[in-house]
Structures are given as structure tokens and as C-alpha cells.
Amino acid sequence: MTLAQIMRLALRQLDEDPEDVGEVDDLFAGYANLGYEIAVREYLKPRETRALYAGRRGYASIEGMDVERVVRVWDEQGRERAFETAPDGRNIRLLDWTYGAADAQGGAPLRALCEVRYAPLEAPTDVPRLPPSAQAALADYICFRHLSCGNLAKQGRARFYEDSFYRAMRAIRPEGYGSVTRARNLYAVTDARYGR
């Protein structure tokens with residue numbers, strides 16, 4: 001569904017004339033983008049690989065890459081590297097950085113698996129990067145936000161649309177869902193072999 005189709009669906013659900021979309025275009029587009037951001041950040045959690053470069057002392061910048069969270073980092077030999085995110089969220093620091101050859105060369109290339117943000121929907125022809133079953137839920141979010149500041153009857157209707165939106169969001173499975181990424185030192189933590 002395009003952004004324009006989502007907004008027309010919201011107008012139909014609100015028992016308004018779908019041709020009146022021009023009157024509430026900016027308002028509904030803003031609500032749709034708020035719902036889209038919630039869907040992407042909290043439920044879809046899309047992942048992409050980014051190329052990074054660790055400079056001197058093991059710091060690599062992630063600023064301007066639309067990175068929500070760094071999940072894993074590998075060096076150019078394919079070895080996983082331990083890291084931490086800086087408090088400002090603009091850099092990561094390799095924890096196992098060795099001062100020596102890498103610093104003498106000025107750093108090292110890295111690959112990072114990251115949870116990313118998607119750009120907001122701007123044009124009426126933009127399609128949200130969500131599963132098709134979740135795209136119509138953005139119309140529910142628009143209805144929820146539009147009705148939530150009305151009288152008690154409208155707020156009751158708003159609750160229905162809010163529940164409908166979050167029910168559709170819970171059906172989304174995040175990227176990488178159900179896959180085991182690592183099981184290092186499993187038995188060192190708990191002796192699961194003997195049920196203790």
C-alpha cells in the first residue's frame with residue numbers, strides 16, 4: 001500500500017469522505033510516520049551490514065549511517081570482535097584492540113551487522129518497508145491518533161484502533177528471529193547437560 005492509499009483507508013475507517021484527504025494530508029502523513037517508526041524500531045528491527053573503519057585506538061564511527069544498534073562486528077579476516085557503543089551513540093570501540101601494528105597502519109577495516117532505521121514516508125507514492133499484512137495497520141494508527149484527542153466516545157473508538165495496530169505489530173517477526181547466533185561457553189554458565 002502507498003502512503004496515499006493508507007491515508008484514504010484511514011478516512012474510510014473514520015466514516016469521512018476519502019476525497020477529503022487533501023484537508024488532513026500533512027496531519028495524517030505525520031501520524032503514519034509515527035506508526036511506521038514504531039513498527040520498524042520496535043517490531044521489524046531490520047538488519048543490514050555496514051562497512052566501518054576502526055581508526056587509531058580502535059574507534060569506528062557509525063554516525064550518519066541510520067544505525068539504531070550494532071549487533072555484531074567482524075574484522076577483515078572474518079573473526080568476530082568484542083565492542084562497546086560509545087555513550088553518545090556515534091562510535092563503537094573495539095574492546096580487544098591491540099596497540100601495535102593496527103595503530104601503526106592507522107586502523108583496520110571492519111564489517112558490522114546493524115539494526116537500522118528506515119527513511120520516513122514523504123511522497124504519496126512511498127510504500128512502507130513492512131510486510132503487506134502490517135501496512136494497513138498504519139491506517140489504524142492514524143485513526144487511533146486522530147480520535148484519541150476527542151470526546152469519550154471518540155476515545156473509546158481510538159482504543160479499538162490502537163489495539164488493532166498493536167495486534168498487527170505483534171505479528172511481525174524481527175529480522176533474524178529464531179536463529180541462533182552463537183552458543184559460546186554455554187556449559188560454563190550452567191551445566192545444562194545434567195539438569196542442574
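Anyway, here's the lowdown on the structure attached to this text. From a predicted model like this one, the values you see are computed outputs, not experimental measurements.

Digging into the overall build of the protein chain
- Assigned secondary structure in the protein chain consists of 7 helices and 6 strands.
- Of the regular secondary structure in the protein chain, the N- to C-terminal order runs α-α-β-β-β-β-β-α-β-α-α-α-α.
- Within the protein chain, buried positions represent 39% of all 196 residues.
- Across the protein chain, the fraction of contacts at a sequence separation of at least 24, relative to all contacts at a separation of at least 6, is 70%.
- Counting only carbon and sulfur atoms, one obtains 48% of the accessible surface of the protein chain, whose full area is about 11,900 Å².

Side note on empty space enclosed by the protein
- Under the definition given, this model contains 1 cavity of 30 Å³ or more.
- Roughly 30 Å³ of volume is contained in the largest cavity.
- Along its surface, the largest cavity is lined by Val-40, Arg-41, Lys-45, Pro-46, Glu-68, Glu-115, Val-116 and Arg-117.
- Elements that contribute at least two residues to the lining of the largest cavity include exactly helix 2 (25-44) and strand 6 (108-116).
- Considering only residue class, the lining of the largest cavity consists of 3 nonpolar, no polar and 5 charged.

Quick look at unusual backbone geometry
- At Lys-45, a residue that is not glycine, the phi angle is positive and equals roughly 45 degrees.
- With a phi close to 55 degrees, Asp-66 is a non-glycine residue in the positive phi region.
- Note that Asp-66 resides in the loop between strand 2 (59-61) and strand 3 (67-75).
- The exposure class assigned to Asp-66 is partly exposed, which follows from its relative accessible area of 42%.

Here is what the cut-offs are and how they apply
Residue indices begin from 1 for each chain and proceed along its sequence in written order. At least 70 in pLDDT is required for a residue's local features to be given in this predicted model, at least 80 for side-chain atom pairs to be given and counted, and no such filter applies to totals for whole chains, interfaces and linings, which use all residues. Note: side-chain values were computed over all heavy atoms of the structure, leaving out hydrogens and water. Here a helix means four or more residues in a row that DSSP labels H or I, a strand means two or more in a row labelled E, and each is numbered from the N terminus. Under the scheme applied here, a residue whose accessible area is under 20% of the maximum for its type counts as buried, over 50% as exposed, and between as partly exposed, the area being computed with a 1.4 Å probe on protein chains only. In this description, contact between two residues means that some pair of their heavy atoms is separated by no more than 4.5 Å. The accessible surface values rely on the Shrake-Rupley method and a 1.4 Å probe; as for residues, cover is taken only from the protein chains in view. Only protein atoms enter the 1 Å grid used here. Points where a 1.4 Å probe fits but cannot escape make up a cavity, open sets with protein on both sides within 12 Å along at least five of seven lines make up a pocket, and a residue lines them when an atom lies within 4 Å of a point. Grid points are joined across faces, edges and corners, and a volume is the space filled by probe spheres set on the points. Side-chain classes follow a simple rule in which Ala, Val, Leu, Ile, Met, Phe, Trp, Tyr, Cys and Pro form the nonpolar group, Asp, Glu, Lys and Arg form the charged group, and the remainder, Gly included, forms the polar group.

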